[in-house]
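# Structural description and commentary
One letter stands for each residue in the lines below.
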Amino acid sequence: MEACRRAGVSGILCSLSLLCVILDLQLDCILGATQVEIEHHLEMGRKLLAAGQLAEALSHYHSAVEGDSKNYLTYYKRAAVFLAMGKSKSPDFLAARLQRGNILLKQGNTQEAMEDFEIVLQRNPESEEANDQLKRTRELEELQEDAHEAYHRVITISPWDPELRELRADCHIRMGDPQKAIQDLAPTTRLRNDNRAAFLKLSLLHYSLGEHHDSLTQIRECLKLDQDDKDCLGHYRQVKKLSKQLDYAEELIEEQRFHEAIEKYESVMKTEPNTLHYTNLAKERICFCLVQEKMALEAIDACSEAHQRDPRNAYILRDRAEAYILNQEYEKAVEDYQEAREFDSDSNEIREGLEKAHRLLKLSRKRDYYKILGVGRTANKQEITKAYRKLAQQWHPDNFQSEAEKKEAEKKFIDIASAKEVLTDPEMRQKFDQGEDPLDPENQQGGGGGQGAHGWPFHFNPFESGGSFHFKFQYN
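All chains use their own residue numbering, which begins from 1 and follows the written sequence. Side-chain atom pairs in this predicted model are given and counted only at pLDDT of 80 or more, local residue features only at pLDDT of at least 70, and totals for whole chains, interfaces and linings cover all residues. Only hydrogens and water are removed before side-chain values are computed, so all heavy atoms of the structure are retained for them.

In the nomenclature of an unreviewed UniProt entry, the protein chain corresponds to DnaJ (Hsp40) homolog, subfamily C, member 3b from the organism Neogobius melanostomus.

### Some details on the pattern of salt bridges
Salt bridges, as used here, are contacts in which a Lys or Arg side-chain nitrogen is within 4 Å of a carboxyl oxygen on Asp or Glu. Counting across every chain of the model gives 23 salt bridges. Across the pair aspartate 184 and arginine 165 runs a salt bridge whose closest N-O atoms are separated by 3.3 Å. Residue aspartate 184 is found in helix α10 (residues 178-191), and its partner arginine 165 is found in helix α9 (residues 162-174); the two are separated by 19 residues along the sequence. The exposure class of aspartate 184 is buried, given its relative accessible area of 3%. In this structure, arginine 196 and aspartate 229 form a salt bridge, with 2.9 Å as the shortest nitrogen-oxygen distance. Placement of arginine 196 in helix α11 (residues 196-208) and of aspartate 229 in the loop between α12 (212-225) and α13 (230-254) is noted, with a sequence separation of 33 residues between them. Taken together, the shared-partner salt bridges connect Asp194, Arg196, Asp226 and Asp229 into one network. Strands here mean DSSP runs of E at least two residues long; helices mean DSSP runs of H or I at least four residues long; both are numbered from the N terminus. Exposure categories follow from relative accessible area, calculated using a 1.4 Å probe and restricted to protein chains: below 20% of the type maximum is buried, above 50% is exposed, and the middle band is partly exposed.

### A few points about a negative patch on the surface
A surface patch of negative charge is lined by Glu126, Glu128, Glu129 and Asp132. Inspection of the secondary structure assignment puts aspartate 132 in helix α8 (residues 128-157). When its relative accessible area of 38% is taken as the criterion, aspartate 132 is described as partly exposed. By definition, no residue in a patch forms a salt bridge, and every one has over 30% relative accessible area; like charges are joined within 9 Å, nonpolar side chains (Val, Leu, Ile, Met, Phe, Trp, Tyr) within 5 Å. Per-residue and other accessible areas were derived by the Shrake-Rupley procedure at a 1.4 Å probe size, with only the shown protein chains allowed to occlude residues. Charged residues are defined narrowly, with Lys and Arg counted positive, Asp and Glu counted negative, and His plus the chain ends left uncounted. In plain terms, the charge of a residue is placed at NZ if it is Lys, CZ if Arg, CG if Asp and CD if Glu.

### Structural notes on unusual backbone geometry
Positive phi, close to 50°, is recorded for aspartate 194, a residue that is not glycine. Take aspartate 194: its relative accessible area is 43%, and that puts it in the partly exposed class. Despite not being glycine, glutamine 256 has its phi angle at roughly 60°, a positive value. Locating glutamine 256 in the fold gives a position in the loop between α13 and α14 (258-271).

Spelled out as structure tokens, the structure:
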């Protein structure tokens, strides 16, 4: 380091190189190597837990923890067995939190790592490991800040030094900030002649961030310099294929060809199974397409999987809320829309969706016409009419003998007739689907318009349907 200090700007470059090495050594010392030969125990533990053989499952998870004490997932799995056995005070959840903090720290996610260590210390202030790791996390943050400050000073002095920018880009990549790495690498493509390596690295960085169009642009620049470059050509073929699939999938969605779009996004996951962004995007869009196809149960499953992968994605929560509405689970729809608003409070679409979900929940506690007829929200007019006829015959008051039964049947018959009237009228059905009961006197102009003299909606009388019914109501 002393020799570096004496050498001016180049010396600073030398110091920064050493600093990057020190950062890597710090990270390696924090965690050490993890062991990976535990798959058999984890798999056996999973199978035995599913079979209800808790003691045997616990034995395998014990072995997994002993074999890989740095893997936080093994602690979580063992803790799940303890909970199943009624041992709710298992320390494994804290151990898992601690190990996850270690992994996040090694990945350079200092903020998330710090949160894990602080949670451990809140519940166990005497944890020496958590205290030590929290101190090291803060030390690493200071080192990162020092490195950024030093780089800024040096690049201010020598802004046209490509080697310096490439070095800082490498450090940004190691510290988990690819966007800043891109900012440093971009000028080097002009500062060096035939800088194919920089174009390739820029393409790879954009690709990892899900920016496939930018990735394609950069890799084409590499091929302009040498169309036979082996590395650039191989990556170009991959990016071109994936980008074409993604663009076509979105075109299919715009054309409302949702089933085909689902198939195309499934192809995307096969083309690129290793980059998290593209898998998450495909899961999100499949969730959306299933909602548009009115496939409620399939959409709920797909959206739930997408939500697990990307829990802060407001669009996934919005789509799952709509799937819950399709399945008439209005409370869950409200919950998802509320959570979506936490992540995107400015979206009018999410605000309006939440208002609709609230109206539908309130309406469902009064009178749900779909439930009255026993049909789904996607039922067509033919299905609605068929359900109405079946229920009308079942609950026709002429089928009952006692006065009490007749009154109960009359009430149900009126509900059935009202449901048929609303759901077979496109305008009224649309209002109901938006959370407004078109037959509710509170929603009618003048406070009570729209109801006939005897409570029939809009002068509709179910007993005047082609002479099929001849019951005559007696009103007191």
